[in-house]
Amino acid sequence: QVQLVESGGRLVQAGDSLRLSCTASGRTPSSYSMGWFRQAPGKERELVAVLSWSGGFVYVESSVQDRFTISRSHAKDTVLLQMNSLKPEDTAVYYCALDPEDVGLAADDYDYWGQGTRVTVSS
């Protein structure tokens, strides 16, 4: 079973930056994608960004594309979400997820989920 652990979320002010980290452990598939989703209070969970571990697919949601970057870290099975110029509307619980089929832009495509890390952006 795959375990995902997110970290990095905290209370920040508008304009600040945060870097979220997600590390997968356990029996990871040979090919997979790792994505970031977020769920704001009272809102549906939405995709923020996804990265294929093969390096052939990267997606960042259009509304945050100019501010957020998803990347692999130097650590094994770790994906980062760099968030710059944070806005109050970025406030959400951010979830890391793994798609073992190495594709997917929908939450239903992802089989494994972390517990989430909370990002709160104050004005």
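Residues numbered from 1 in each chain as written. Predicted model: local features only at pLDDT ≥ 70, side-chain atom pairs only at ≥ 80, totals over all residues. Heavy atoms only, no water.

All told, the structure shown has one disulfide when counted by the stated rule. Here C22 is linked by a disulfide to C96, with a sulfur-sulfur distance of 1.9 Å. In this structure, the disulfide formed by C22 and C96 twists by about -75 degrees around the S-S bond and is classed as left-handed. Residue C22 is found in strand β3 (residues 18–26), and its partner C96 is found in strand β9 (residues 92–99); the two are separated by 74 residues along the sequence. Accessibility classification places C22 together with C96 in one group, the buried group. (Disulfide = S-S within 2.5 Å. Helix = DSSP H or I, 4+ residues; strand = E, 2+ residues; numbered from the N terminus. Buried < 20%, exposed > 50% of the residue type's maximum accessible area, 1.4 Å probe, protein only.)

For the rest of this paragraph, the subject is the sheet that holds strand β1 (residues 2–7). The strands that make up a sheet pair up through hydrogen bonds in the backbone, lying either parallel or antiparallel. Taken in spatial order, the four strands line up as β1-β3-β8-β7 in an open sheet, and their pairing is antiparallel. The sheet terminates laterally at β1 and β7 (68–72), the two strands that pair on one side only. Averaged over all pairs of adjacent strands, the angle between strand axes in this sheet comes to 15 degrees, irrespective of strand direction. Here β7 runs beside strand β8 (residues 78–83); their pairing, made up of five bridges, is antiparallel. What sits directly across from F68, in β8, is M83. (Pairing = 2+ DSSP bridges. Axes fitted to C-alpha atoms, helices over the stretch in contact; angles between N-to-C directions.)

For R67, the location among the structural elements is in the loop between β6 (58–60) and β7. Looking at R67, the relative accessible area reads 12%, which means it is buried. Here the alpha-carbon distance between R67 and S85, two residues 18 residues apart in the chain, equals 6.4 Å.

What follows covers unusual backbone geometry. Not every positive phi belongs to a glycine, and D77 is a case in point at roughly 55 degrees. Positionally, D77 belongs in the loop between β7 and β8. You will see that S85, though not glycine, has its phi angle at about 50 degrees, which is positive. Note on placement: S85 falls in the loop between β8 and β9.

Sheet topology note: the β1/β3 ladder contains six bridges and is antiparallel. Within the sheet, the bridge partner assigned to V5 lies in β3 and is T23. As paired strands, β3 and β8 are joined by six bridges and run antiparallel to one another. Paired with L20 across the strands is L81, a residue of β8.

As a further point, take the environment of Q115. Along the chain, the position of Q115 falls in the loop between β10 (112–113) and β11 (117–122). Residue Q115 is classed as exposed on the basis of its relative accessible area, which comes to 71%. Taking the C-alpha atoms as reference points, Q115 and V5, 110 residues apart in sequence, are found 6.9 Å from one another. Apart from the residues lying within four places of it in its own chain, the contact partners of Q115 are L4, E6 and Y95. (Contact = heavy atoms within 4.5 Å.)

Taken by themselves, the reported measurements are silent on function.
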